[in-house]
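Now for the letters of each chain:
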Amino acid sequence: MVFKPAHWPRKLRSAEWFGGTSRDHIYHRSWMKNQGLPDDMFDGRPVIGICNTWSQLTPCNGHLRDLAERVRHGIYEAGGFPVEFPVFSTGESTLRPTAMMFRNLASMDVEEAIRGTPLDGVVLLVGCDKTTPSLLMGAASVDLPAIVVTGGPMLNGWFQGERVGSGTHLWKFSEAVKAGEMTQEEFLEAEAAMSRSPGSCNTMGTASTMASMAEALGMALSGNAAIPAVDSRRRVMAHLSGRRIVQMVKDDLKPSDILTRQAFENAVRTNGAIGGSTNAVIHLLAIAGRVGVDLSLED
Ligand code: FES
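Here we summarise the structure given alongside this text. (Residues numbered from 1 in each chain as written. Predicted model: local features only at pLDDT ≥ 70, side-chain atom pairs only at ≥ 80, totals over all residues. Heavy atoms only, no water.)

Quick look at unusual backbone geometry now. Between W8 and the following residue, P9, the backbone shows a cis peptide bond with an omega angle of 5 degrees. Examined against the element boundaries, P9 turns out to sit in the segment before α1 (15–18). A positive phi angle is found at Q160, which is not glycine, with a value near 50 degrees. (Helix = DSSP H or I, 4+ residues; strand = E, 2+ residues; numbered from the N terminus.)

Here the idea is plain: a probe the size of a water molecule rolls over the atoms and shows the empty space left. For the structure shown, the criterion picks out one cavity of 30 Å³ or more. Considered as a void within the structure, the largest cavity measures approximately 50 Å³ in volume. (1 Å grid on protein atoms, 1.4 Å probe; cavity = no way out; pocket = protein on both sides within 12 Å on 5 of 7 lines; lining within 4 Å. Points joined across faces, edges and corners; volume = space filled by probe spheres on them.)

Moving on to helix α7 (residues 184–194). For α7, every residue scored as buried is listed here: A190, A193 and M194. Viewed along the axis of α7, the buried residues span an arc of 100 degrees, placing them on a single side of the element. Facing away from the buried side of α7 by over 90 degrees, the exposed positions are E185 and A192. (Buried < 20%, exposed > 50% of the residue type's maximum accessible area, 1.4 Å probe, protein only. Arc of directions from axis to C-beta.)

What follows covers the packing of helix α8 (residues 206–217) against helix α11 (residues 261–274). It is at 8 Å that the axes of α8 and α11 come closest, and there the two elements cross at 140 degrees. Regarding the angle of α8 to α11, the classification is oblique. The element α8 and its partner α11 pack so that their crossing is right-handed. Contact residues: α8 offers T209, S212, M213, A216 and L217, while α11 offers A263, F264, N266, A267, T270, N271 and I274. Across the contact of α8 with α11, the residue classes tally to seven nonpolar, five polar and no charged. (Axes fitted to C-alpha atoms, helices over the stretch in contact; angles between N-to-C directions. Parallel < 35°, antiparallel > 145°, perpendicular 65-115°, else oblique. Left-handed = near helix turned anticlockwise from the far one by under 90°. Contact = heavy atoms within 4.5 Å. Nonpolar A, V, L, I, M, F, W, Y, C, P; charged D, E, K, R; others polar.)

Along the chain, S107 turns up in helix α4 (residues 103–115). Here N104 takes part through its backbone oxygen, which lies 2.8 Å from a polar atom of the side chain of S107. Separated by 2.9 Å, the side chains of S107 and R290 make a polar contact. (Polar contact = N/O pair within 3.5 Å; in protein donor to acceptor, adjacent residues only side chain to side chain.)

A few words now on helix α9 (residues 232–251). Between its first and last C-alpha, α9 extends 29 Å over 20 residues, near the 28 Å set by a 1.5 Å rise per residue. Within the span of α9, buried status applies to R234, M237, A238, H239, S241, G242, I245, V246, M248, V249, K250 and D251. Count one or two residues on from α9 and you reach D252, which has phi positive near 60 degrees. (Expected span 1.5 Å × (residues − 1).)

Under the definition given, this model contains six aromatic pairs. Judged by centre distance (5.4 Å) and plane angle (80 degrees), the rings of F42 and F81 are edge-to-face. Placement of F42 in the loop between α2 (23–33) and β1 (47–52) and of F81 in strand β2 (residues 81–86) is noted, with a sequence separation of 39 residues between them. Residue class for F42 comes out buried when judged on its relative accessible area of 9%. Taking the relative accessible area as the measure of exposure, F81 reaches 0% and is therefore buried. The cationic tip of R65 hangs over the ring face of W54; the distance from NZ or CZ to the ring centre is 3.9 Å. (Phe/Tyr/Trp six-rings, centres within 6.5 Å; stacked < 30°, edge-to-face > 60°. Lys NZ or Arg CZ within 6 Å of the ring centre and 35° of its normal.)

Turning our attention to the layout of surface pockets. In this structure, the largest pocket occupies an estimated 480 Å³ of space. Around the largest pocket, the lining is made up of 21 residues, and of these C60, S93, S166, L170 and C201 lie nearest the centre. Of all the secondary-structure elements, those providing two or more residues to the lining of the largest pocket are α6 (168–178) and α8. Considering only residue class, the lining of the largest pocket consists of 10 nonpolar, nine polar and two charged. Considering only enclosed or pocket space, the second largest pocket measures out at about 300 Å³ in volume. Along the walls of the second largest pocket sit 15 residues, with M32, Q35, P82, V83 and E84 positioned nearest its centre. Secondary-structure elements contributing two or more residues to the lining of the second largest pocket are α3 (64–77) and β2. Looking at the lining of the second largest pocket, its residues break down into 11 nonpolar, two polar and two charged.

By size, the foremost hydrophobic cluster in this structure holds 64 residues, and its most contacted members are I114, L124 and F264. In terms of residue count, helix α5 (residues 131–142) provides more of this core than any other element does, six residues in total. The residues touching I114, leaving out its near neighbours within four places in the chain, are R13, F85, L119, V122, A139, V142 and L144. Membership of the second largest hydrophobic core comes to eight residues, among which are V164, M182, A190 and A193. (Core = buried A, V, L, I, M, F, W, Y, C linked by side-chain atoms within 4.5 Å.)

Right, dumping it as structure tokens:
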């Protein structure tokens, strides 16, 4: 099916909150204005949510406030009205008993945060493993235009001339200490060297996999998954995504237009090609369920 962009200009969803003279309209606009917003921000332009999983307790997403500013620049540039808001952030390395237990809860938070507020479109700022599927699930359920910006992987670690990855070295170093092959001082030095920059795990674990899946599904700009967190091109990607979401709202290009069965097949193939995490299976199935796509095998 060929996508046909909607007519523009037209009245957007946000006009239900901001576009009138009733008591409710004044209530919605006036309170927003306490943040220093000029009148013309409420003139019917696309209101774009920047849905942020920044949290110091999700260290992989600890740099997302900087990226949110880049997204904001792009939204303003394209004539949109950016509004940033926080959602439940499921940090893989800190949240007990397991971040997976809270993926669906986080997706409900995202869904209701988008549905209940005057948004016309949303930018999903994600990174750590479960943050990407939970925001995709929530946004897909609401089905307003949405685009993913991931935080990108951290730089490779190096310790004593050896490349140190975010995964296997956890086990390797702790076992080495137990075996008396590594001192406490070396251990602390190694753990600092392992995670030496902002970003998500630098291996093809769930975070990098789901960033690739977002891209393969068509929910992120091309090239989004590969750029390291600290690379200036990631800021450019965030900026361009801000511009892009405004056009998506004007076109009324929604997740249900993008997340077709063919898009999921493309993601499955991509996961095979990159050697991605098997966790992609459970996350892709969950996202597909939100847009009513049946991924069962064809006869
Ligand atoms: Fe966050 Fe690995 S712990 S991506």
